[in-house]
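Residues per chain are reported as follows:
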Amino acid sequence: MSNMKRIAIVGAGLGGLAAGSLLQKAGFNVQVYEQSPVFSRLGAGIHMGPNVLKVFRRMGIEQQLEDLASHPDFWFSRDGETGEYLSRIPLGEFARKEYGAAYVTVHRGDLQAMQMTSMSPGSIHFGKCLSSVEDSGSDVVLRFQDGSEERADIVIGADGINSKLREHLLGVEAPTYSGWVAHRALIRGEQLRKYNLDFEDCVKWWSEDRHLMVYYTTKSRDEYYYVSGVPHPAWDFKGSFVDSSQQEMLETFGHYHPVVQALIECSESVTKWPLLNRQPLPVWSEGRIVLLGDACHPMKPHMAQGAAMAIEDAAMLTRCLTETGLEDYSTAFRLYEVNRKERASGVQAVSNANTFLRTQEDPAWVYGYDVFAAPLKSEGA
Ligand code: FAD
């Protein structure tokens, strides 16, 4: 093992863990370095479409996820005020049959914990905040804030929107504030029982300039979740979120349907997150360093596909490194970019525009994609 070439992944988010697991299963020697001191059930809900469950199948966590997650039969889009249905996108059994896997919604912390179990014991290192990196040409030195150092043959930057590795490749540049925020709240399912209202499994309430996406995060429906998208003036963005309140939700969504009013009434704690963005990057790799996920193509979350793109990236990068071998990492990195850029940038553009599934449309181009089966484009393509 000690003579095996080493892959270092910086960031144990949904993209980094997918890369770690898939590369280990493909026989590579992989270590993951994460700045957080310990794992915690951070964040809130997340959608995972059939395009991602096909990747989880390879990671060996598809069934585990299916057992825990909520399985909506439809994605409904409804008029925020009148409740009129704008679209009914079939998921459930339809998704299994048409797209080759289930569509689920889940708590992202639960998903992350599941991803961790698919990695070799001892290969995720917490409390390792990357402070600098040096590509010597023959290997890469990673230096961490705790004073420790590691060396690797290649490094994968899965370190999110404020990526240190992106900064190393392209210089310091803060992400752009999109002009929108997301309010987020988790609601205990039992609180909803007092209402004579239908709390649907997966529904997006829309009006002209704002929306509220709502869904369960568990199969047992004991946790319901909402996330908004609302235009908002900039603030100083110290920290990744600030506290919000029922009052602010009422000011923002007070004119919405009674179901939404009930959700606001049940919100014990609401937070508010700036939605940040970047223009597509001119390069995805340089030398022995390559980027994936939000480090590479962050997007507004309105299509619920940001993490999905990070996980698809991880699968494609694994496929390319398996194809070329680690010695020829530079060919693998170019192949990876050629095979990911168009799709990730396409999803980024639609997600930023916030049009996806607002009206009846066919989402097969997103959910039907199989990153392992898609024909590999050659470098010149
Ligand atoms: P991240 O998840 O950001 O992970 C990066 C990791 O790197 C973190 O663990 C971080 O601690 C670590 N790190 C950072 N810097 C360092 C350092 N210097 N040293 C060591 N470690 C470091 N996507 C979906 O697919 N479906 C959804 O339903 C969905 N909903 C969303 C809702 C909201 C409100 C938002 C904001 C986003 C949503 N997304 C969704 C998008 C999704 O959250 C991101 O696209 C996804 O988390 C990106 O994964 P990643 O692994 O690239 O980065």
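Quick caveat: nothing in here was measured; it's all calculated off a predicted structure. (Residues numbered from 1 in each chain as written. Predicted model: local features only at pLDDT ≥ 70, side-chain atom pairs only at ≥ 80, totals over all residues. Heavy atoms only, no water.)

Student: Would you explain the packing of aromatic side chains in this entry?
Tutor: Here a ring pair, both rings aromatic, is described through the centre-centre distance and the interplanar angle of the planes. All told, the structure shown has 17 aromatic pairs when counted by the stated rule. Arranged with centres 5.1 Å apart and planes meeting at 40 degrees, the rings of Tyr33 and Phe144 form a pair that is tilted. Linking Tyr33 in strand 2 (residues 29-33) with Phe144 in strand 9 (residues 140-144), this pair joins segments that are 111 residues apart in sequence. Accessibility assignment for this pair places Tyr33 and Phe144 in one class, buried. Both rings, one in Trp284 and one in Tyr336, keep their centres 5.6 Å apart while their planes meet at 65 degrees; by these two values the pair is edge-to-face. Residue Trp284 is found in the loop between strand 17 (271-277) and strand 18 (285-286), and its partner Tyr336 is found in helix 10 (residues 329-353); the two are separated by 52 residues along the sequence. Note on Tyr336: relative accessible area 0%, which makes it buried. A cation over a ring is seen here: Arg184 above Trp273, with NZ or CZ 4.5 Å from the ring centre. (Phe/Tyr/Trp six-rings, centres within 6.5 Å; stacked < 30°, edge-to-face > 60°. Helix = DSSP H or I, 4+ residues; strand = E, 2+ residues; numbered from the N terminus. Buried < 20%, exposed > 50% of the residue type's maximum accessible area, 1.4 Å probe, protein only. Lys NZ or Arg CZ within 6 Å of the ring centre and 35° of its normal.)

Student: Can you walk me through the UniProt feature "domain: FAD-binding" (unreviewed entry) in the protein chain in this structure?
Tutor: The positions that UniProt labels "domain: FAD-binding" (unreviewed entry) are, in the present scheme, residues 7-326. Each end of residues 7-326 is marked by a C-alpha atom, and these two atoms are 9 Å apart; helix forms 28% of the span and strand 30%. (UniProt positions renumbered as here; feature names shortened; annotations may be inferred.)

Student: I would appreciate a short explanation of the site of the ligand in the present structure.
Tutor: The environment of the ligand is made up of 32 residues, and the closest members are Gly15, Glu34, Arg108, Leu130 and Asp294. Contact between the ligand and His47: an oxygen atom at 2.9 Å from a main-chain N or O atom of the residue. Within the backbone of Ala307, a nitrogen or oxygen atom sits 2.9 Å from an oxygen atom of the ligand. Alone, the ligand offers 1000 Å² of accessible surface; in the complex the protein occludes 85% of this. Looking at the shell around the ligand, the elements with two or more residues in it are helix 1 (14-25), strand 3 (45-48) and helix 9 (306-324). When residues of the shell around the ligand are assigned to their parent elements, the largest contribution, four residues, is made by helix 9. The residue makeup of the shell around the ligand, split by class, is 15 nonpolar, 11 polar and six charged. (Near = heavy atom within 4 Å. Polar contact = N/O pair within 3.5 Å; in protein donor to acceptor, adjacent residues only side chain to side chain. Areas by Shrake-Rupley, 256 points an atom, 1.4 Å probe, with all protein chains shown as cover. Nonpolar A, V, L, I, M, F, W, Y, C, P; charged D, E, K, R; others polar.)

Student: Teacher, can you tell me more about the domain arrangement of the protein chain here?
Tutor: Much of the literature gives interface size as the accessible area that the parts lose upon coming together. Here the protein chain is described as being made up of domain 1 (6-174 + 278-367) and domain 2 (176-277). Placing a centre on the C-alpha atoms of domain 1 and another on those of domain 2 gives a separation of 24 Å. Counting residues at the interface gives 43 residues for domain 1, matched by 30 residues for domain 2. Summed over the shared surface of domain 1 and domain 2, the result is one salt bridge. (Domains from an automatic or database assignment. Contact = heavy atoms within 4.5 Å. Salt bridge = Lys/Arg side-chain N within 4 Å of Asp/Glu carboxyl O.)

Student: Whenever I open this one, the pairing of strand 3 confuses me. Can you help?
Tutor: Regular strands place their side chains on alternate faces of the sheet. Of the two faces of strand 3, the one holding Gly45 and His47 and the one holding Ile46 and Met48 are both buried throughout. Judged from the four bridges that link them, strand 3 and strand 6 (residues 104-107) form a sheet pairing that is antiparallel. Each residue of the ladder has a partner; that of Ile46, found in strand 6, is Val106. (Pairing = 2+ DSSP bridges.)

Student: When you look at the pairing of strand 2 in this model, what are you seeing that I'm missing?
Tutor: A large share of strand 2 lies buried, amounting to five of its five residues. Examined bridge by bridge, strand 1 (residues 6-10) and strand 2 share five bridges and lie parallel to one another. Across the sheet, the residue bridging to Arg6 is Asn29, located in strand 2. Examined bridge by bridge, strand 2 and strand 7 (residues 124-125) share two bridges and lie parallel to one another. Bridged to Tyr33 within strand 7 is His125.

Student: Would you explain the environment of Lys194 in this entry?
Tutor: Note on placement: Lys194 falls in the loop between strand 12 (176-188) and strand 13 (202-206). Distance in space between the C-alpha atoms of Lys194 and Ser40 is 31 Å, their sequence separation being 154 residues. From its side chain, Lys194 meets the backbone oxygen of Gln191 in a polar contact 3.3 Å long.

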